[in-house]
Amino acid sequence: MQRRKFIKDALTGFRGIVLAESLLVSACKKEGIGKPNGKKVIVVGAGISGLAAAKKLNQNGFNVVVLESQNKVGGRLKTDRTLGVAFDEGASWIHGIRGNPITDLAQQAGMSTAVTDDDSVLSYDVGGVLRSDAVLSQAEEQLYTILATMMKSGNATQSFETVFRNLYPTKANDRLWKFLLSTYVTFDTGDLNNLSSLLYNEGEEFGGKESISTSGYDSIPHYLGKGLTIQLNQRVTKIDYTSTNVKVEHNGTISEADHVLVTVPLGVLKNNVVQFIPTLPAAKQNAIQKVGMNCVNKFLLTWKTAFWDDVQYISYTPEIRDKFNYFLNVRKFQPTANALMTFAYADYARQTETMTDVQIINQIMEHLKDIYGTSIPAPTAMLRTKWQTNENCFGAYSYTAVGTEMRHFDDLAEAINDKLFFAGEHTESEYFSTVHGAYLSGMREADKIIALR
Ligand SMILES: Cc1cc2nc3c(=O)[nH]c(=O)nc-3n(C[C@H](O)[C@H](O)[C@H](O)COP(=O)(O)OP(=O)(O)OC[C@H]3O[C@@H](n4cnc5c(N)ncnc54)[C@H](O)[C@@H]3O)c2cc1C
């Protein structure tokens, strides 16, 4: 049910742990506050990658300024508490708590978490028909087997969807399979019709259970940002790295630094929001185009009282594949909250961004009424995200699209002339698309800059 973990546990066991821990050791070296070294670094973006780098550079004596386009830190770690529930608009889970740097960071930041349990689920078909555990488990087992082998039939030009449809035409049209593909593959990666049929399973995994934030993920960026110089509401539009000093244009002002670390999301790079002078090397421009940026939207609905099952997840299998097909019972994690969180993925997620709140609520309620009956009460409120049209992101996270090669993530990370550096989830070939990937990328780039002293 949770991103990446579902597939990875089945296919690879815990092969990520060793790698992950060695990465962690290098990430944690060189801690400690250093004397000012006379070097200035501008970090563009106050998401977790930018803040992790800024903190480490600060501790090593660099004069660091973070420029952030929004009026808050955290980027895709964003919590809305206006309804009395901690609604995480971006990341919710720590994927694999063992050896994961976010586990410790969450503790240090005072973020409470709860372990999630994939077996605490009920699966409903259209008409409110409850599936047996056996039917669900058997289909899941088959999915594991297919995902373990399907890349052998994959190729560089065809999408996951094309290859899957050719191999399993009946499954492709089956409601339960649509649900499995949507929630276990699309949520973890990206649009099936553009997902690489060779690389759909790339990326390493931490071991251990999954946990979910219960108090709000934004406490991590707030913790990392303490004591840093962060200028909010500063949109960077131009970076000129022709001279010794790099010049950064933001809100009509030009700031200069010895090094600049760019952590804006891949969607922002794809949309050419920042002009680079000279233009970025061809390999990086190519990688910006080739790596995919998906869309996931989240919806939180509240009621006066709960009418739904007392399990962690309620799944529903409509004909339309990526449409509000699973509900997280927020009450299991925040006991005073009578709330459900549901999701839309890929093109359906993008489509929701053109819909009114009333349209969205009606569609979600159609699914819930089909499960629980037409007399269920109307929700008292709804919160929603619009990640695709969000000008600070233009999508949710990166994925291996048709045409992506794993080296493209390294090309995205490649520094230029020891002056311009790049971090962010999309620059981590092993842990892209995750909070820990973003964090590790920031630590990695801070290390590179520190090594130049
Ligand atoms: C819906 C959703 C669900 C997710 N679920 C999970 C999950 O459960 N677990 C998990 O591990 N990961 C999850 N992720 C992924 C995770 O949130 C991201 O990988 C991670 O937070 C990215 O951090 P970052 O620092 O790379 O980028 P960001 O957090 O996006 O930070 C980049 C910053 O740059 C700023 N910026 C953009 N343009 C400019 C500009 N021109 N000038 C200045 N600043 C600019 C942005 O405002 C932002 O603050 C999810 C993401 C989404 C959207």
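If you're wondering where the values come from, they're calculated on a predicted model, not measured in any experiment.

Observations regarding the overall build of the protein chain
Then, number 1: Helix and strand counts for the protein chain stand at 15 helices and 23 strands.
Then, number 2: Here the C-alpha radius of gyration of the protein chain, 22 Å, is about what a compact globule of 453 residues would show, namely 22 Å.
Then, number 3: Projected onto the principal axes, the alpha-carbon positions of the protein chain cover approximately 65 × 50 × 40 Å.
Then, number 4: A total of 453 residues make up the protein chain; the buried ones form 51% of that total.
Then, number 5: Considering only contacts within the protein chain whose residues lie at least 6 apart along the sequence, 76% involve residues at least 24 apart.

Looking at the environment of Gln158
Then, number 1: Tracing the sequence through the fold places Gln158 in the loop between α5 (133-149) and α6 (160-167).
Then, number 2: With 16 C-beta atoms counted inside 10 Å, the residue Gln158 sits in the partly exposed group.
Then, number 3: For the pair Gln158 and Leu195, spaced 37 residues apart in the sequence, the C-alpha separation amounts to 8.5 Å.
Then, number 4: Discounting chain neighbours no more than four positions away, the residues touching Gln158 are Val163 and Ser197.

Brief notes about the packing of helix α3 (residues 48-59) against helix α15 (residues 435-451)
Packed helices, taken two at a time, are described by the angle their axes make and the gap between the axes.
Then, number 1: Relative to each other, α3 and α15 sit at 35 degrees, their axes nearing to 7 Å. With respect to the hand of their crossing, α3 and α15 are arranged in right-handed fashion. Only Val435, Ala438, Tyr439, Ser441, Gly442, Met443, Glu445, Ala446 and Ile449 of α15 make contact with α3, whose side of the interface consists of Ile48, Ser49, Gly50, Ala52, Ala53, Lys56 and Leu57.

Overview of the domain arrangement of the protein chain
Then, number 1: Along its sequence, the protein chain is carved into domain 1 (31-74 + 218-293 + 394-451) and domain 2 (116-201 + 296-384).
Then, number 2: Spacing between the C-alpha centres of domain 1 and domain 2 amounts to 33 Å.
Then, number 3: Facing eight residues of domain 1, the contacting portion of domain 2 comprises ten residues.
Then, number 4: Looking at the side of domain 1 that touches domain 2 residue by residue, the class counts come to five nonpolar, three polar and no charged.

What about the site of the ligand?
Then, number 1: Around the ligand, the structure places 41 residues, and the nearest of them are Gly45, Gly47, Ser49, Gly75 and Ala438.
Then, number 2: Of all the elements in the fold, those that place two or more residues in the shell around the ligand are α3, β17 (296-302) and α15.
Then, number 3: Residue composition of the shell around the ligand, grouped by class: 20 nonpolar, 15 polar and six charged.

A word on the confidence of the model for the protein chain
Then, number 1: The pLDDT averaged across the protein chain works out to 93; a share of 92% of its residues lies at or above 70.
Then, number 2: Confidence drops under a pLDDT of 50 for residues 1-32, and excluding neighbours within four residues, the segment shows 59 contacts in the predicted structure.

What about the sheet that holds strand β23 (residues 420-422)?
The strands making up a sheet associate through backbone hydrogen bonding, with each pair oriented either parallel or antiparallel.
Then, number 1: Here five strands make up an open sheet; going across it, the order is β10-β2-β1-β14-β23 and the pairing parallel. In this open sheet, the two strands that pair with only one neighbour each are β10 (229-231) and β23. Within this sheet the neighbouring strands show an average axis-to-axis angle of 20 degrees, counted without direction.
Then, number 2: Against the sheet, α3 engages β1 (40-44), β2 (63-67) and β14 (259-262), with an angle of about 165 degrees to β2.
Then, number 3: Contacts from α15 reach β1, β14 and β23, with the element oriented near 155 degrees to β23.

Brief notes about helix α11 (residues 282-290)
Then, number 1: Every buried residue belonging to α11 is among Lys284, Ala287 and Ile288, and all of these are buried. Projected onto a plane normal to the axis of α11, the buried residues spread over an arc of 105 degrees and lie on a single side.
Then, number 2: Lining the buried residues of α11 we find α10 (266-270) and α14 (407-413).

Observations regarding the sheet that holds strand β9 (residues 211-213)
Then, number 1: Spatially, three strands are ordered β5-β9-β6 in an open sheet, and the strand pairing comes out antiparallel. Of all the strands in the sheet, just β5 (93-94) and β6 (113-115) have a single pairing partner and so form its edges.
Then, number 2: Sheet topology places β6 next to β9; three bridges connect them, and they run antiparallel. Paired with Ala114 across the bridge in β9 is Ile212.

Some remarks on the nonpolar core
Then, number 1: In this structure, Val41, Val43, Val44, Ile48, Ala53, Val260 and Leu261 are the most contacted members of the largest nonpolar core, which totals 118 residues.
Then, number 2: The element that contributes the greatest number of residues to this core is α15, accounting for seven residues.
Then, number 3: Among the domains, domain 1 (31-74 + 218-293 + 394-451) and domain 2 (116-201 + 296-384) are the pair contributing at least three residues each to this core.
Then, number 4: Residues in contact with Leu261, not counting those within four places in the same chain, are Val41, Val43, Val44, Gly50, Ala53, Phe421, Ala423 and Glu445.

Structural notes on α15
Then, number 1: For α15, spanning 17 residues, the distance from its first C-alpha to its last is 25 Å, which sits close to the expected 24 Å at 1.5 Å a residue.
Then, number 2: Most of α15 is tucked away, with 13 of its 17 residues classed as buried.

Description of the pairing of strand β12 (residues 246-250)
Walk down a regular strand and you will see the side chains alternate between the two sheet faces.
Then, number 1: The side-chain alternation of β12 yields one buried face, formed by Val246, Val248 and His250, and one unburied face, formed by Lys247 and Glu249.
Then, number 2: Two strands pair when backbone bridges link them, and strand β11 (residues 236-240) and β12 are joined in this way by four bridges, in the antiparallel orientation. In the sheet register, Lys238 faces β12, and the bridge partner there is Glu249.
Then, number 3: Counting the residues between successive antiparallel strands, the hairpin from β11 to β12 contains five residues.
Then, number 4: Here five bridges tie β12 to strand β13 (residues 253-257), and the two strands are oriented antiparallel to one another. Its bridge partner being in β13, Val246 is matched across the sheet by Ala257.
Then, number 5: The turn joining β12 and β13, which pair antiparallel and follow one another in sequence, is formed by two residues; a positive phi near 50 degrees is taken by Asn251.

Section: the environment of Ser375
Then, number 1: The topology assignment puts Ser375 in the loop between α13 (357-372) and β21 (381-384).
Then, number 2: Taking the number of C-beta atoms within 10 Å as the measure of exposure, Ser375 has 7 and is therefore exposed.
Then, number 3: Separated by 194 residues in sequence, Ser375 and Leu181 place their C-alpha atoms 31 Å apart.

Points about the environment of Leu420
Then, number 1: With respect to the helices, strands and loops of the structure, Leu420 is situated in strand β23.
Then, number 2: As a C-alpha pair, Leu420 and Thr145 span 275 residues in sequence and 43 Å in three-dimensional space.
Then, number 3: Setting aside anything within four residues of it in sequence, one finds Leu420 in contact with Ile239, Tyr241, Val246, Val260, Val262 and Ala415.

Criteria and cut-off values
- Residues numbered from 1 in each chain as written.
- Predicted model: local features only at pLDDT ≥ 70, side-chain atom pairs only at ≥ 80, totals over all residues.
- Helix = DSSP H or I, 4+ residues; strand = E, 2+ residues; numbered from the N terminus.
- Rg over C-alpha atoms; globule rule 2.2 N^0.38 Å.
- Buried ≥ 20, exposed ≤ 12 C-beta atoms within 10 Å, placed from the backbone.
- Contact = placed C-beta atoms within 7 Å.
- Axes fitted to C-alpha atoms, helices over the stretch in contact; angles between N-to-C directions.
- Left-handed = near helix turned anticlockwise from the far one by under 90°.
- Domains from an automatic or database assignment.
- Nonpolar A, V, L, I, M, F, W, Y, C, P; charged D, E, K, R; others polar.
- Near = placed C-beta within 6 Å.
- pLDDT = per-residue confidence, 0-100.
- Pairing = 2+ DSSP bridges.
- Arc of directions from axis to C-beta.
- Core = buried A, V, L, I, M, F, W, Y, C linked by C-beta atoms within 7 Å.
- Expected span 1.5 Å × (residues − 1).

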